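Chain residues, written in single-letter form:
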Amino acid sequence: MSAEQIRCVVIIDPLPEKVLSLADNLSRYGFGSDVCRPEEWTLRVGRESTAAMVIGPNMVSLELWSFCKDVREQSELPLLVLSENPSPDQVALVLEGGADACLAADPGLTARQVVAAIRAIERRSLFTERVRSDIIEAGALKIDLARKEVALHGRRVALTPTEYGILSILAQSPGRV
């Protein structure tokens, strides 16, 4: 993705005209938008610039779980569901179906809230990737978690088990300590 390319949020809703205001307001936060009907979503998310998918509030409640499940089977992009007056059971169903978050689509919902939710999902995703990685690199420091080895400027560093444990914990949580 080029530096100038705007990241796009794909808004999926059976009544696209009802989510145009949200789509337009996403640009205030540096995102482009693409609005489509549920049957068109696969054609819209294949681009490298797609940042997230938002299921609009006009989807029939009973279809949300299966739609989220279908989307999640085909994509790992952040998936946010907007639902009008969601019950606790409805929130649980969309999350179990594969959504990353569910926001109440009341009249006070803003594009800023949608963007904040997308960014929160992205942060969790980045953290999960770092934790899954067996090798952590920070500048000239390289920690191989699988082998329990540390190198600085390419040279192995001998550490006690306690030193290694502290270093590996700190390295897995950058910016938090």
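Going by the structure above, here's the rest.
Attention here is on the structure that accompanies the text. Bear in mind the structure is a predicted one, so any value in this text is a computation, not a measurement. (Residues numbered from 1 in each chain as written. Predicted model: local features only at pLDDT ≥ 70, side-chain atom pairs only at ≥ 80, totals over all residues. Heavy atoms only, no water.)

To continue, consider the overall build of the protein chain. Tallying secondary structure elements over the protein chain gives six helices and nine strands in all. The C-alpha atoms of the protein chain give a radius of gyration of 20 Å, which is well past the 16 Å a tight globule of 177 residues would have. Looking at the 177 residues of the protein chain, the share that counts as buried comes to 37%. A fraction of 54% describes how many contacts in the protein chain between residues 6 or more apart in sequence connect residues 24 or more apart. Carbon and sulfur atoms form 52% of the exposed surface of the protein chain, whose accessible area is close to 10800 Å². The protein chain carries 20 positive and 24 negative side-chain charges, and their two centres are separated by 8 Å. (Helix = DSSP H or I, 4+ residues; strand = E, 2+ residues; numbered from the N terminus. Rg over C-alpha atoms; globule rule 2.2 N^0.38 Å. Buried < 20%, exposed > 50% of the residue type's maximum accessible area, 1.4 Å probe, protein only. Contact = heavy atoms within 4.5 Å. Areas by Shrake-Rupley, 256 points an atom, 1.4 Å probe, with all protein chains shown as cover. Lys, Arg positive; Asp, Glu negative; His and termini not counted. Charge placed at Lys NZ, Arg CZ, Asp CG, Glu CD.)

Residue Asn 85 is not a glycine yet carries a positive backbone phi of 45°. Tracing the sequence through the fold places Asn 85 in the loop between strand 4 (79-83) and helix 4 (88-97). By relative accessible area, Asn 85 is classed as exposed at 70%. In this structure, Lys 148 is a non-glycine residue whose phi angle is positive, near 55°. Positionally, Lys 148 belongs in the loop between strand 7 (141-144) and strand 8 (149-152).

This part covers the environment of Gln 90. If you trace the backbone, Gln 90 turns up in helix 4. For the pair Gln 90 and Pro 38, spaced 52 residues apart in sequence, the C-alpha separation works out to 19 Å. Residues in contact with Gln 90, not counting those within four places in the same chain, are Ser 61, Leu 64, Ser 83 and Asn 85. At 3.2 Å, the side chain of Gln 90 and the side chain of Ser 83 are in polar contact. (Polar contact = N/O pair within 3.5 Å; in protein donor to acceptor, adjacent residues only side chain to side chain.)

Attention shifts here to the packing of helix 3 (residues 61-74) against helix 4. Running from amino to carboxyl end, helix 3 crosses helix 4 at an angle of 20°, the nearest separation of the two axes being 7 Å. Between helix 3 and helix 4, the angle is such that the two are roughly parallel. Handedness of the crossing formed by helix 3 with helix 4: right-handed. For the pair formed by helix 3 and helix 4, the contact residues are Ser 61, Leu 64, Trp 65, Cys 68, Lys 69 and Arg 72 on the first element and Gln 90, Leu 93, Val 94, Glu 96 and Gly 97 on the second. When its residues are assigned to classes, the contact of helix 3 with helix 4 shows five nonpolar, three polar and three charged. (Axes fitted to C-alpha atoms, helices over the stretch in contact; angles between N-to-C directions. Parallel < 35°, antiparallel > 145°, perpendicular 65-115°, else oblique. Left-handed = near helix turned anticlockwise from the far one by under 90°. Nonpolar A, V, L, I, M, F, W, Y, C, P; charged D, E, K, R; others polar.)

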